[in-house]
Amino acid sequence: MQIPSLIAALVLLVFPALPAERIHAQQAKLSGRLIMPVLSAPAKRVFKRDYRMRRSGRKSVDQSSSDDIQRSPFRDVVVSVHPRSFSAKTEPLPEPIAVDQLGVAFEPRVLPIPVGSAVEFINRDPIYHNVFSLTPGAKFDIGRKPTGVVYRLPDPIAAVGEIHLFCDIHPQMNATILSLDTPYYTQPDAAGQYEFAQLPPGIYEFRIYHPDLAAVSATIELEAGQEVVRDITMGN
C-alpha cells in the first residue's frame, strides 16, 4: 500500500465520515411568528391627470397595477440573524436582483440582499421614472428612464444597512434596499411565520426590520440540534 493511501485510510479510521442525518442534527432551528400592529396606509396623492382619467371612466396608472394586488403587511419585514461567536462568509447573489417601478410605486418596497450584490431597476409603467439614493456610501442617480428600460447599477451594493430609494418625478415613491452582512436572512409568510431550518450552533444577534416600525434586536444562543421558537410582537 502506498503511503498516501495508508494515511487516508488512517484518517477515515480515526475520523469516520458523518452520515447526513448526524450532520443535520448538529444544526439548530429557529422559527416563530411575528405579530404586527395595524399600520395606516399612507395617503395617496391624486394628480390632475389621474383626476381627468377617473372622470372619464378610465383607470389611471395608479389604479391599474400594483394597488390592485392585496399586499401582506409582512412583505416589508426582514428577519436576520448575525453570528457573534463565529464568522460566516456572506456571498453576493449570483445574478442581479430587480426592483420594479409599477403603478407609480417601487416593488418590492423592501428588498433584502447580501452585501456586494448587483441591483437593477425596471420601469414597467407607461410613464417616465427616475431612481436616486442619497444614502452615504450608496449615492446614485440613474436619470429619467422611459417604459421598459432595465438599468443595472454599475457597481454592486457595497454599503451595509438601509439604502433609501426615491423618484424625482413622483415624490410619493420610496423604497429601501436592506444590505445585510450575514447569509442568514428571510422574510415571513403572509401569516407572519418565519423559519431558519439550519443554523450553525452559536451566539447570534437576532434582528427584525420594518421601515415603519422600531427595529427589534436581541441576543440568542443556539445549541446543536436545538429547535427554538421565538414569537415576537413588533412595536411602533
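In this convention, every chain numbers its residues from 1, walking through the sequence in written order. In keeping with the model being predicted, local features are shown solely for residues with a pLDDT of at least 70 and side-chain atom pairs are shown and tallied solely at 80 or more, while totals for entire chains, interfaces and linings include all residues. In computing side-chain properties, one takes all heavy atoms of the structure into account and sets aside hydrogens as well as water.

A. Here's a closer look at the overall build of the protein chain. Strands are runs of DSSP state E lasting at least two residues, helices are runs of H or I lasting at least four, and both sets are numbered from the N terminus onward. Secondary structure assignment for the protein chain yields four helices and 17 strands. Residue burial is assigned from relative accessible area. The probe radius is 1.4 Å, only protein chains are included, and a residue is buried under 20% of its type maximum, exposed over 50%, and partly exposed in between. The 236 residues of the protein chain split such that 39% are buried. Note on contacts: a residue pair qualifies if any of its non-hydrogen atoms lie within 4.5 Å across the two residues. Sequence separation of at least 24 residues holds for 67% of the intrachain contacts in the protein chain that already meet a minimum separation of 6. Total accessible area on the protein chain is roughly 13500 Å²; 55% of this is exposed by carbon and sulfur atoms. To measure how exposed things are, a 1.4 Å probe is used in the Shrake-Rupley method; for residues, cover is taken only from the protein chains shown.

B. Region of the structure containing the confidence of the model for the protein chain. For every residue, the predictor assigns a confidence score, pLDDT, that lies between 0 and 100. Considering every residue of the protein chain, the mean pLDDT works out to 84; 76% of them sit at 70 or more. With pLDDT under 50 throughout, residues 43-69 is counted as low confidence; its partners more than four residues away or in other chains account for 34 contacts.

C. Inspection of the nonpolar core at higher detail. Take the buried Ala, Val, Leu, Ile, Met, Phe, Trp, Tyr and Cys residues and link them wherever side-chain atoms come within 4.5 Å; each set so joined is a nonpolar core. Ranked by size, the top nonpolar core spans 22 residues in total, and within it Leu30, Leu34 and Phe206 carry the most contacts. Of all the secondary-structure elements, those providing two or more residues to this core are β1 (28-35), β2 (78-83), β13 (193-199), β14 (202-209) and β15 (216-222). Filtering out sequence-adjacent residues up to four positions away, Leu30 remains in contact with Val81, Tyr194, Glu195, Phe196, Leu199, Phe206, Ile220, Val228 and Arg230.

D. Expanded view of the side chain of Asn123. Position of Asn123 among the secondary structure elements: in strand β6 (residues 119-123). When its relative accessible area of 2% is taken as the criterion, Asn123 is described as buried. Counted as a polar contact is a pair of N or O atoms within 3.5 Å, where, for protein atoms, one must be capable of donating a hydrogen and the other of accepting one, and residues adjacent in sequence contribute only when both atoms are in side chains. At 3.0 Å, the side chain of Asn123 forms a polar contact with the backbone nitrogen of Asp125. A distance of 3.2 Å separates a polar side-chain atom of Asn123 from the backbone oxygen of Pro146. Sequence-distant contacts of Asn123, defined by excluding residues within four places in its chain, comprise Gln101, Tyr128, His129, Lys145, Pro146, Thr147, Gly148 and Val149.

E. Structural view of the sheet that holds strand β4 (residues 106-107). The pairing criterion is simple: DSSP has to find at least two bridges between the two strands. Reading across from one edge, β4-β3-β6-β9 is the order of the four strands in this open sheet, with mixed pairing throughout. Unpaired on one side and paired on the other, β4 and β9 (150-152) mark the two borders of the sheet. Both strand β3 (residues 97-101) and β6 contribute to a ladder of five bridges, which runs parallel. When the sheet's bridge partners are listed, Asp100 is paired in β6 with Ile122.

F. Broad picture of the side chain of Asp76. Of note, Asp76 is situated in the loop between α4 (61-64) and β2. At 3.2 Å, the side chain of Asp76 forms a polar contact with the side chain of Arg109. If near-sequence neighbours (up to four positions away) are discounted, Asp76 is found in contact with Arg71, Arg109, Val110, Tyr209, His210 and Pro211.

G. Quick look at the sheet that holds β2. Across the sheet, four strands lie side by side as β12-β2-β14-β15; this open sheet has antiparallel pairing. Each edge of the open sheet is held by one strand with a lone partner, namely β12 (185-186) and β15. Two strands pair when backbone bridges link them, and β14 and β15 are joined in this way by seven bridges, in the antiparallel orientation. Paired with Ile208 across the bridge in β15 is Val216.

H. Region of the structure containing the pairing of strand β11 (residues 174-180). Across the seven residues that make up β11, a large majority, six, are buried. Two strands pair when backbone bridges link them, and strand β10 (residues 161-166) and β11 are joined in this way by six bridges, in the antiparallel orientation. Counterpart to Phe166 in the pairing with β11 is Asn174.

I. How the structure looks around the pattern of salt bridges. Take a side-chain nitrogen of Lys or Arg and a carboxyl oxygen of Asp or Glu: if they are within 4 Å of each other, that pair is a salt bridge. Tallied over the full model, the rule gives 10 salt bridges. Of the charged contacts in the structure, one is a salt bridge between Glu107 and Arg75, with a shortest N-O distance of 2.2 Å. With Glu107 in strand β4 and Arg75 in the loop between α4 and β2, this residue pair connects regions lying 32 residues apart in the sequence. With a shortest N-O distance of 3.4 Å, Arg144 and Asp168 are connected by a salt bridge. One end of the pair, Arg144, is in strand β8 (residues 140-145); the other, Asp168, is in the loop between β10 and β11, with 24 residues separating them in the sequence. Judged by its relative accessible area of 38%, Asp168 is partly exposed. Through salt bridges with shared partners, a single ionic network connects Asp76, Arg109 and Asp212.

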